[in-house]
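Structure assessment
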Number of protein chains: 2
Amino acid sequence: MINDTNVDGLTGTDPPSIPDFPTTPYLLLDPKVAATQYHRLARAFPDTKIYYAVKANPEPRLIRRLAEAGSSFDVASTAEIDICLSQGADPQMLSYGNTIKKAKDIRYAYQRGVRMFVFDCEDELRKLAENAPGAQVFCRLLASSAGAQWPLSRKFGCSPDMAVDLLALAPSLGLDPIGISFHVGSQQLDPSRWDPSIAEAAQVFQALQKVGIELDFLDVGGGFPVGYLSPVLPIDDYGQAIQQSVSRHFGEAKPRLAIEPGRYVAAEAGVIRAEVVLVSRKSYEEDLRWVYLDIGRFGGLAETEGEAIRYRIVTAHDGEATGPTAIAGPTCDSVDVMYKDTPYELPLALRTGDYVDILNTGAYTTTYSSVAFNGFAPLATFCIGDNA
Amino acid sequence: MINDTNVDGLTGTDPPSIPDFPTTPYLLLDPKVAATQYHRLARAFPDTKIYYAVKANPEPRLIRRLAEAGSSFDVASTAEIDICLSQGADPQMLSYGNTIKKAKDIRYAYQRGVRMFVFDCEDELRKLAENAPGAQVFCRLLASSAGAQWPLSRKFGCSPDMAVDLLALAPSLGLDPIGISFHVGSQQLDPSRWDPSIAEAAQVFQALQKVGIELDFLDVGGGFPVGYLSPVLPIDDYGQAIQQSVSRHFGEAKPRLAIEPGRYVAAEAGVIRAEVVLVSRKSYEEDLRWVYLDIGRFGGLAETEGEAIRYRIVTAHDGEATGPTAIAGPTCDSVDVMYKDTPYELPLALRTGDYVDILNTGAYTTTYSSVAFNGFAPLATFCIGDNA
């Protein structure tokens, strides 16, 4: 029996008794939980525009709930634009937040009414000028992601001096430079990590003021963490730290604040139910047991790469005796191992055919899953508690 | 203009002039090249049964060509079984080579006529006994994959003494134990790496002979390498080394040999055409340039994880001046970087909108691609030179 307000209670060995319920693995998603998370964020970040990062989970019913709750949306592609608009979002609520866009995709977004775009280099700025004339543009700064569990490489952003030059160039190209964005890495545990980039952003604002350009938009990105195996600080701590940083570095000239949460909104709205396909040992000498699930790194749990995100796994045998367990996926690819270097402690009673629930998996799971690796179908989503 | 016998000649900046040609990225696949590779293997491995590893590329037209060429098939799932049977393969030509199988999938395979199954632990052996009574079964040994560019973890296989016990148990469960398999890691460069496992397999054969069980099947797996950026030894070197090992360790009692090539058959049959979406620098001081393609780690190039597989990338500017280049994919995920720690040298003239060709990408690409990460569609396949 599924609780229609929250999925946290789902454990045990029997699949929920819903007609035509798909076989495992699947994601049970409760869009109402995402809306609750949205409201939590809105309270922790007053006077801040919230752009939900659609890439975290683009499920249309979840997007609709968030649009109804008042969310804006950070989109990475034309497909994500289409989803948002089809679910009631206004194009003015969208920010095209991918720094890497094809010219034709910029044109498409512009034709559909999107007017806010990010860039981090001259090439992209000129593409925007040509394909989205007059649009509001903001520049992404390189930021350190030290302290993040799913850290960012140097893939996105540019140095502050380059940002100043590019934002200064924008008006002559017919664009409207509005501000700065950055991202300190996903599942960022340390609330103080936003401060250095906020300080850099303030310097960019000041440098542009000297050449007569008034920026007023500061997007401090996402990265707000979710409690997986370990608890994390409450979201209010992040809100306070960031707002104090902004006050300190911007003083009276406080910019319009924006955040781009994905994981924080969607993760707790979902639980993946999977099946134990096999339990084995490699030799008589080894203590380590291997548990193979019907989901793995290529079936939606891509963020277990390098054992980065350690999900909480619930079984019907919790509380019984445990042993060290490597956990792997069902494909013939030996990279498809989720946890081995730091094994889990799972119940020794766990058997082939048992179900397990992988908690807080509503973000960064379904869309990552491979289209057909080893012939396995992508992770299905099953929405509960929402009759939309 | 596409050459209809081979895709190697595809370079340049203009997309092929085929009506309704899809936008990039896409894989151009020539199934005839896969058949050629199959015949090369057959010559290098006389008296050896070749089970094409369908997971490398399950494109139906490629499977049909291989079935016509006489190939058998190593399948990882029921979906792969369906593809093979729909393309003319006989169930007797299939080996269910995934050690991790659901009971219902074993039943399905058995119902469709599959009679050869692998296992590597007692749990799986008992599942086979229950769901595929009387089937031929072989046990996978743990093997070292030192020397492989896409190495295997300890995910698959068991120790030789455990293999002996399990194969000895099989007849009492109503199964027919036939032999041993192992895998030395994909893109294995060193032909001598098969020898230790062949020696272990011979010991397992001898141990079972002592209890009255005559094994006669030895599957030495795949792993035969493809020349990406660096040349590799000819396939005949692998054939000779392996056959000499078998003679040395098995003497007169030579088993029926089998191999499970995937990469070697399919890689050279395909080329991925991609578009440069953006070229940028992160700061004025840095020499490293970033080139962003419309394909990345989540769009099909999963094997660039850890920069393991380094593909050859052809541009229309080859031969002109180059500079160090990081190469990344188009998603907002900063893990979606293919080459950065060891940058590529790409032409400085390369510009946004140019096409590049990524060679020998017919294996382990399309099915890996995410179903919709960031809203990007999975990698499309376009078959050429084959009117099937």
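Residues numbered from 1 in each chain as written. Chains lettered and ligands numbered in written order. Predicted model: local features only at pLDDT ≥ 70, side-chain atom pairs only at ≥ 80, totals over all residues. Heavy atoms only, no water.

Details of the packing of aromatic side chains
Here is the rule: Only Phe, Tyr and Trp rings are paired, with Trp represented by its six-membered ring, and only when their centres lie within 6.5 Å; those with planes under 30 degrees apart are stacked, over 60 edge-to-face, the remainder tilted. Helical segments are the DSSP runs of H or I of at least four residues, strand segments are the runs of E of at least two, and each set is numbered from the N terminus. Three exposure classes are used, based on accessible area relative to the maximum for each residue type with a 1.4 Å probe and protein chains only: buried under 20%, partly exposed in between, and exposed over 50%. Our definition puts a charge over a ring when NZ of Lys or CZ of Arg is within 6 Å of the ring centre and also within 35 degrees of the ring normal.
One pass over the full model with this rule turns up 30 aromatic pairs over all chains. With centroids separated by 6.4 Å and ring planes inclined at 85 degrees, the aromatic side chains of tyrosine 52 of chain B and phenylalanine 73 of chain B adopt a geometry described as edge-to-face. You can see tyrosine 52 of chain B sitting in strand E2 (residues 48–53) and its partner phenylalanine 73 of chain B sitting in strand E3 (residues 72–75), a full 21 residues away along the chain. The two residues tyrosine 52 of chain B and phenylalanine 73 of chain B agree in class, both being buried. Judged by centre distance (5.2 Å) and plane angle (65 degrees), the ring pair of phenylalanine 138 of chain B and phenylalanine 217 of chain B falls under edge-to-face. One end of the pair, phenylalanine 138 of chain B, is in strand E6 (residues 136–140); the other, phenylalanine 217 of chain B, is in strand E10 (residues 217–219), with 79 residues separating them in the sequence. You can call phenylalanine 217 of chain B buried: its relative accessible area is 2%. Among the aromatic residues, those joined into a ring-pair cluster are Phe45, Trp194, Phe224 and Tyr238 of chain A. One Lys or Arg, arginine 115 of chain A, reaches over the ring of tyrosine 110 of chain A and ends 3.8 Å from the middle of that ring.

Focus on the relation of the copies chain A and chain B
As a reminder, the rule being used: Superposition of the copies used a least-squares fit over C-alpha atoms from residues whose pLDDT is at least 70 in both. Contacts are assigned to residue pairs that have any heavy atoms within 4.5 Å of one another.
Under the fitted operation, chain A is carried onto chain B by 0.0 Å of movement along the axis and a turn of 180 degrees, and the coordinates agree to an RMSD of 0.0 Å. Both copies of the chain, as the preceding transformation shows, are related through a two-fold rotation axis. A shared interface surface links the copies, since 100% of the contact residues of chain A are contact residues in chain B too.

Topic: the UniProt feature "modified residue: N6-(pyridoxal phosphate)lysine" (unreviewed entry) in chain A
For clarity, the threshold we go by: UniProt positions are given in the numbering used here, feature names are shortened, and annotations may be inferred rather than shown by experiment.
The sites that carry the UniProt feature "modified residue: N6-(pyridoxal phosphate)lysine" (unreviewed entry) are, in the present numbering, Lys55 of chain A. Considering the arrangement of structural elements, one finds lysine 55 of chain A in the loop between strand E2 (48–53) and helix H2 (60–69). With residues near it in sequence (within four places) discarded, lysine 55 of chain A still touches Asp74, Glu80, Tyr364 and Thr367 of chain A together with Cys332, Phe373 and Asn374 of chain B.

A few points about the environment of alanine 316 of chain B
Positionally, alanine 316 of chain B belongs in the loop between strand E14 (313–315) and strand E15 (322–328). Residues alanine 316 of chain B and glycine 270 of chain B, 46 residues apart in the sequence, show an inter-C-alpha distance of 19 Å.

As for the side chain of asparagine 131 of chain A
All names here are of chain A. Looking at the element boundaries, asparagine 131 is found in helix H5 (residues 122–131). On the basis of relative accessibility, which here comes to 7%, the residue asparagine 131 falls in the buried class. Apart from residues no more than four positions distant in its own chain, asparagine 131 is found in contact with Ala103, Ile106, Arg107 and Tyr110.

Looking at the pairing of strand E12 (residues 270–281) of chain B
Each regular strand shows side chains that alternate between the opposite faces of the sheet. Residues and elements named next belong to chain B. Heads up, the rule is: Here, a strand pair is defined by DSSP locating no fewer than two bridges between the strands.
Counting buried positions along E12 gives 11 out of 12 residues, so the element sits mostly inside the fold. Note that strand E1 (residues 26–29) and E12 share four bridges and pair antiparallel. Bridge pairing in E12 links leucine 29 to glycine 270. In this structure, E12 lies alongside strand E17 (residues 355–358), joined through four bridges in antiparallel fashion. Within E17, the position partnered with glutamate 275 by the bridge is tyrosine 355. Here E12 pairs with strand E13 (residues 289–293) via five bridges, running antiparallel. Note that in E13 the partner of valine 279 across the bridge is valine 291.

Quick word on the domain arrangement of chain A
Quoted interface sizes are often the accessible area lost when the parts come together. Residue and element names in this part refer to chain A. Applied cut-off: Note that domain bounds follow an automatic or database assignment of domains. When two components associate, each loses some accessible surface as probed by a 1.4 Å sphere; the sum of these losses over both components is called the buried area. Only one rule defines a salt bridge in this text: a Lys or Arg side-chain nitrogen within 4 Å of an Asp or Glu carboxyl oxygen.
For chain A, the assigned domains read domain 1 (31–265) and domain 2 (267–383). Averaged C-alpha coordinates put domain 1 and domain 2 at centres separated by 32 Å. Tallying the contact residues gives 22 residues for domain 1 and 22 residues for domain 2. Buried area between domain 1 and domain 2, both sides added, is near 1900 Å², and the carbon and sulfur share of it is 59%. Taken together, domain 1 and domain 2 are joined by one salt bridge. The shortest N-O distance in the salt bridge between arginine 263 and glutamate 303 comes to 2.7 Å.

Some details on helix H3 (residues 78–86) of chain B
Residues and elements named next belong to chain B. Our working definition: It is the directions from the helix axis to the C-beta atoms that the arc portrays.
Thr78, Glu80, Ile81, Cys84 and Leu85 are the residues of H3 that are buried. The arc that holds the buried residues of H3, viewed along the axis, is 155 degrees, so those residues lie on one side. Buried residues in H3 make contact with helix H2 (60–69), E3, strand E4 (94–96) and helix H4 (103–111). Residue glycine 88 follows H3 closely and has a positive phi angle near 100 degrees.

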